[in-house]
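Chain by chain, the residues:
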Amino acid sequence: MRSPCVTPAIVLRSWPFGESDKIVSFLTERYGKVTGIAKGAKRSRRRFVNTLELFSLVNLRFQDRPHSALAFVYACDPIRHFKELTTSLEKIAYASYFVEITDGLAGEREENRRVFEHLREGLIFLEENGISLSFLTFFELKLLKFSGYQPTLEHCRRCKKKFPDGSQILWHFSPRDGGVLCGPCSTLRKEAVPLSSEALGALAELQEANSILPHHLALSPAILKESRPALVRFIQFQINKELKSAPFLEAFSCA
Ligand SMILES: [Zn+2]
């Protein structure tokens, strides 16, 4: 028998299965997304002491089963619980959104260490610094980049006209085209979201930033108002389903 795989992992989702089991979806550092069955997890909490809670960072031990898409989960040893993230509705909404969009953009069994690290660091930042729509926007842009869905912000997707072009005309963010369109090209896309040059410039700068939210990259309320719907629509288009946690975020307008 092969020895089990061992990897750090974050719990993305879990749901009951039968009388006593749970099915759990993890984002792992070494094996991409892994979904497995945790036998007895509903009844005996001894083997999985608080480690199958949403957002938990654990050391996962699992093994693939022949003829089954579900792995067998042997054990989860706690690394970090992110307890602070469950202390307010705002933090739960943010953390749930981080997890939901990462889950949607990460591939099953596609190793992507940067996406794993980005989610882990994002949850740590949220726990230690509290909620911020600027940080949320940074998290989204970097997640899109690391998972291979980076929107083109530096030139028009159709005619290649470079941004910034020195004019004050509106650009448009088009999920279907994979990035921005200049004014003339956007007339073909009625559903594209208009963006001022100021908002587009701020997003482009944030997309290229290396560290987590340097102070000068904090976005103004006006830029957030323009860019939030554009990004949520872009992510929704890539995931190809409604984001359950997105509507709750806009209720917390802390920039
Ligand atoms: Zn164009």
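Our subject in this report is the structure included herewith. Note that this is a predicted model, so its numbers are computed, not measured. (Residues numbered from 1 in each chain as written. Predicted model: local features only at pLDDT ≥ 70, side-chain atom pairs only at ≥ 80, totals over all residues. Heavy atoms only, no water.)

### Quick word on the layout of surface pockets
Piece 1. Of the volumes computed, that of the largest pocket is approximately 400 Å³.
Piece 2. In this structure, the largest pocket is lined by 19 residues; those nearest its centre are Arg13, Ser96, Glu100, Lys244 and Ser245.
Piece 3. Looking at the lining of the largest pocket, the element that brings in the most residues is helix α1 (residues 89–105), giving eight residues.
Piece 4. In terms of residue class, the lining of the largest pocket is made up of nine nonpolar, three polar and seven charged. (1 Å grid on protein atoms, 1.4 Å probe; cavity = no way out; pocket = protein on both sides within 12 Å on 5 of 7 lines; lining within 4 Å. Points joined across faces, edges and corners; volume = space filled by probe spheres on them. Helix = DSSP H or I, 4+ residues; strand = E, 2+ residues; numbered from the N terminus. Nonpolar A, V, L, I, M, F, W, Y, C, P; charged D, E, K, R; others polar.)

### Quick word on the pairing of strand β1 (residues 5–17)
Where a strand is regular, its side chains alternate between the two sheet faces.
Piece 1. Strand direction decides the pairing type here: β1 and strand β4 (residues 57–63), joined by six bridges, are antiparallel. Directly across from Thr7, in β4, lies its bridge partner Leu60.
Piece 2. When β1 meets strand β2 (residues 21–28), the two strands line up antiparallel, connected through eight bridges. For Arg13, the partnering residue across the bridge sits in β2 and is Ser25. (Pairing = 2+ DSSP bridges.)

### Overview of the pattern of salt bridges
A side chain with one charge may pair with a side chain of the opposite charge, provided their charged atoms come close.
Piece 1. Evaluated as defined, the whole model comprises 15 salt bridges.
Piece 2. In this structure, Glu208 and Lys145 form a salt bridge, with 3.7 Å as the shortest nitrogen-oxygen distance. Remark: Lys145 occurs in helix α3 (residues 133–146) and Glu208 occurs in helix α5 (residues 197–208); sequence separation between them is 63 residues.
Piece 3. Given the relative accessible area of 47%, Glu208 is considered partly exposed.
Piece 4. Accessibility expressed as a relative area gives 25% for Lys145, which makes it partly exposed.
Piece 5. The closest approach of N and O atoms between Arg176 and Glu191, which form a salt bridge, is 3.2 Å. (Salt bridge = Lys/Arg side-chain N within 4 Å of Asp/Glu carboxyl O. Buried < 20%, exposed > 50% of the residue type's maximum accessible area, 1.4 Å probe, protein only.)

### Examining the coordination of the zinc ion
Piece 1. The zinc ion binds to the protein through Cys156 (SG), Cys159 (SG), Cys182 (SG) and Cys185 (SG); the donor distances cover 2.3 Å.
Piece 2. One can describe the site at the zinc ion as tetrahedral: its four donor atoms subtend angles covering 103 to 116° at the metal.
Piece 3. Ordering the donors of the zinc ion by residue number gives the pattern C-x2-C-x22-C-x2-C. Highlighted residues: Cys159 in the loop between α3 and β6 (171–174) and Cys182 in the loop between β7 (179–181) and α4 (183–186), separated in sequence by 23 residues. (Donors = N, O, S within 2.8 Å, 3.2 Å for Na, K, Ca; no water. Tetrahedral: all angles 85-135°; square planar, octahedral: opposite > 155°, others 65-115°.)

### Concerning the packing of aromatic side chains
Piece 1. For the structure shown, the criterion picks out eight aromatic pairs.
Piece 2. Judged by centre distance (5.4 Å) and plane angle (90°), the ring pair of Tyr31 and Phe62 falls under edge-to-face. Remark: Phe62 occurs in strand β4 and Tyr31 occurs in the loop between β2 and β3 (32–38); sequence separation between them is 31 residues.
Piece 3. On the accessibility criterion, Tyr31 (22% relative accessible area) is partly exposed.
Piece 4. A centroid spacing of 3.9 Å and a plane angle of 5° characterise the contact between Phe98 and Phe139, whose relative ring orientation is stacked. (Phe/Tyr/Trp six-rings, centres within 6.5 Å; stacked < 30°, edge-to-face > 60°.)

Function cannot be inferred from these measures alone, as they are strictly geometric.
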